[in-house]
Amino acid sequence: MNKKLLGVIGGMGPAATIDFMRKVVDLTPATRDQEHIPMLVLSMPDLPDRSTFLLSGGPSPFPALLSRLHTLEKAGATCIVIICNTAHYWFPQLKKAASVEMLSMIDSVAQAASAARLSKVGLLATDATVSTRLYQTAMAQKEIECNPPPDSLQKATMNSIYTYKGGDPVKARHLMEEPYQYFLQQHVDAIILGCTEVPLIMAKEAAQDPAFFLDSNKILAQAVVRWFT
């Protein structure tokens, strides 16, 4: 009997956490309830904003992330994931503090890009994920060029993400159109959906051409399924 138990640090935001969970369920080769991956999910959105802290200061999210990590460990989780790209800024510290396995969303996406033999990718992510170079560094280690859009379009990307978090998916998709079109004109091999809300904003396009989008939620879900099976 498989004794593995997945711990999920979520709530950043809640819709993205649900999207990740749905993709785990959809990707799991299960024929009955008992064959699905057991998950302990902490969807606690009161954690301080990651981008605000990294770009302009304020309360650090790290103590709350660490507390959630230990809560999941005590509850019996044998592997833990974080459903927020920006929060992976603290992944090395959290992994060092953890007594169980952790899977990195950033590393999983970089591995998927390398496996697909991509050479040039675009990045749709928060300002903080861009400024801390989480994806640029991970992709460079795989010898893959990774660039965000120009500053004006990065602003539109950030506005789109927060508009979605604010409950207006239609306006969020409209705001993301120009950054998306920019990468089409740049002839990138793929676009990283590098904020967990972006796969929701770009859901229609990702469904039509899944090979062109590196969906951070889906790729982490695939890594979880491989871990479990």
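Relevant structure appears above.
All figures in this text were calculated on a predicted structure; none of them were measured in a lab.

Visitor: Would you mind showing me how to read the packing of aromatic side chains here?
Guide: Geometrically, a pair of aromatic rings is defined through the distance of the ring centres and the angle of the planes. Under the counting rule described, the total for this entry stands at 6 aromatic pairs. Between the aromatic rings of Y89 and W90, the centroid separation amounts to 5.1 Å while the plane-to-plane angle is 85°, which identifies the pairing as edge-to-face. A ring pair is formed by W227 and F228, whose centres lie 6.1 Å apart and whose planes are at 50°; its orientation type is tilted. On the basis of relative accessible area, W227 is assigned to the buried category, the value being 10%.

Visitor: Whenever I open this one, the side chain of S216 confuses me. Can you help?
Guide: For S216, the location among the structural elements is in helix 12 (residues 216-228). The class for S216 is buried, based on a relative accessible area of 0%. Here the side chain of S216 touches N85 through a polar contact of 3.2 Å, side chain to side chain. When sequence neighbours within four positions are dropped, the list of residues in contact with S216 reads N85, M105, V109, Y135, L193, G194, C195, T196 and P199.

Visitor: Would you explain the pairing of strand 3 (residues 79-82) in this entry?
Guide: In summary, the side chains of a regular strand alternate between the two faces of the sheet. Neither face of strand 3 is left uncovered, since the one carrying C79 and V81 and the one carrying I80 and I82 both have all their residues buried. In terms of strand pairing, strand 1 (residues 6-10) meets strand 3 through 4 bridges, oriented parallel. Counted as the bridge partner of V8 is V81 from strand 3. One ladder, built from 2 bridges, connects strand 3 with strand 4 (residues 101-102); its direction is parallel.

Visitor: I keep staring at the pattern of salt bridges and nothing clicks. Help me out?
Guide: Close approach of charged atoms allows side chains with opposite charge to pair. Summed over all chains, the structure comprises 8 salt bridges. Put simply, E35 and R32 hold a salt bridge, and the shortest N to O gap is 3.4 Å. Among the charged side chains, a salt-bridge network with shared partners connects D19, K23 and D215.

Rules used throughout
Residue indices begin from 1 for each chain and proceed along its sequence in written order. Given that this is a predicted model, residues contribute local features only at a pLDDT of at least 70 and side-chain atom pairs are listed and counted only at 80 or more, while totals for whole chains, interfaces and linings are drawn from all residues. By convention in this description, side-chain values take in all heavy atoms of the structure and omit both hydrogens and water. A pair of Phe, Tyr and Trp rings is counted when the ring centres sit within 6.5 Å of each other, with Trp represented by its six-membered ring. The angle between the planes then sorts it: under 30 degrees is stacked, over 60 is edge-to-face, the rest tilted. The cut-offs for exposure are 20% and 50% of the maximum accessible area for each residue type, with area from a 1.4 Å probe on protein chains only; residues under the lower value are buried, those over the upper are exposed, and the others partly exposed. Here a strand is any run of E in DSSP of at least two residues, a helix any run of H or I of at least four, and the numbering for each starts at the N terminus. Each polar contact in these results corresponds to two N or O atoms within 3.5 Å; when the atoms are within protein, one needs to be able to donate a hydrogen and the other to accept it, and residues that are neighboring in sequence are counted only if both atoms are side-chain atoms. A contact between two residues is defined here by any heavy atoms of the two lying within 4.5 Å. Strand pairing requires that DSSP identify at least two bridges connecting the strands. We define a salt bridge as a contact between a side-chain nitrogen of Lys or Arg and a carboxyl oxygen of Asp or Glu at a distance within 4 Å.

Honestly, that's just the spatial picture; any functional story needs more than this.
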